[in-house]
Amino acid sequence: KKAMNSLAKEEKYFAPIMEKFTQNVNKIKEIPFELTNILRNAYLKGEGLRGTEFEKLIYEKMKKRAKLIVRTESSKINSAFTEVRAKALNLKGYIWSSSADKRVRDSHSAMDGVLVFWNNPPTFRSISKKGKISDMVGGAGETPNCRCVMLPVFELDDIQFPVKVAENAVLTEKYEGKGKYNLSIRGINKYTKDEFLK
């Protein structure tokens, strides 16, 4: 916590963290101003939100949506700090790691072990029963209820070959009826070490 707090005070971290904060807060509909300030402070300190003043207030103000927001924003704070610190070290990407349990959605399970470059996060597409298409772009830990994490790649030895690489990846979950979805994947390619280095 202390390390996170001091990192957030450095200008090279502060600006990107605040940019992530703004992007994330803009996705939360009708969030009260007082909660925005508390969430901003959590980003600056690199703190989770569970068991905090924010959690109490958000349950009071936003009722049913509170649990989703607290879980999602806690994960987004961790992802934001991981990305900002990794980019400051000139690291180009990370390995997506899922929670590997039965609660992991199929599209995120498919991302497990995939190399993702910071500038090219995957798109998660959902096609509803009525054919409505909605896209959500985000890395590990950046989409609602996501418990996945980013494992930054420091050197080539951090990659197990052959490796799957997300390249303009789109993972589409189409509703098939009776609560079932069909997953289709495009833009995740497998490379041997030699192919990857080329």
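Calculation notes
- Residues numbered from 1 in each chain as written.
- Predicted model: local features only at pLDDT ≥ 70, side-chain atom pairs only at ≥ 80, totals over all residues.
- Heavy atoms only, no water.
- Helix = DSSP H or I, 4+ residues; strand = E, 2+ residues; numbered from the N terminus.
- Buried < 20%, exposed > 50% of the residue type's maximum accessible area, 1.4 Å probe, protein only.
- Contact = heavy atoms within 4.5 Å.
- Areas by Shrake-Rupley, 256 points an atom, 1.4 Å probe, with all protein chains shown as cover.
- Core = buried A, V, L, I, M, F, W, Y, C linked by side-chain atoms within 4.5 Å.

All right, on to the overall build of the chain then. Scanning the chain from N- to C-terminus turns up seven helices and seven strands. Tracing the chain from N to C terminus, the helices and strands come up as α-α-α-α-α-β-α-β-β-β-β-β-β-α. Within the span of the chain, comprising 198 residues, buried residues form 42% of the whole. Taking all contacts inside the chain whose residues are at least 6 apart in sequence as the whole, residues at least 24 apart take part in 63%. Roughly 11,900 Å² of accessible area belongs to the chain as shown, and the carbon and sulfur atoms make up 50% of that amount.

Further remarks concern the nonpolar core. The biggest cluster of nonpolar side chains holds 20 residues, and the ones touching the most others in it are Ile17, Leu35, Leu39 and Met62. Listed by contribution, the elements that provide at least two residues to this core are helix 2 (11-26), helix 3 (33-45), helix 4 (53-62) and helix 5 (66-88). Counting 18 residues, the second largest nonpolar core, distinct from the first, contains Trp96, Ala140, Cys146 and Leu171.

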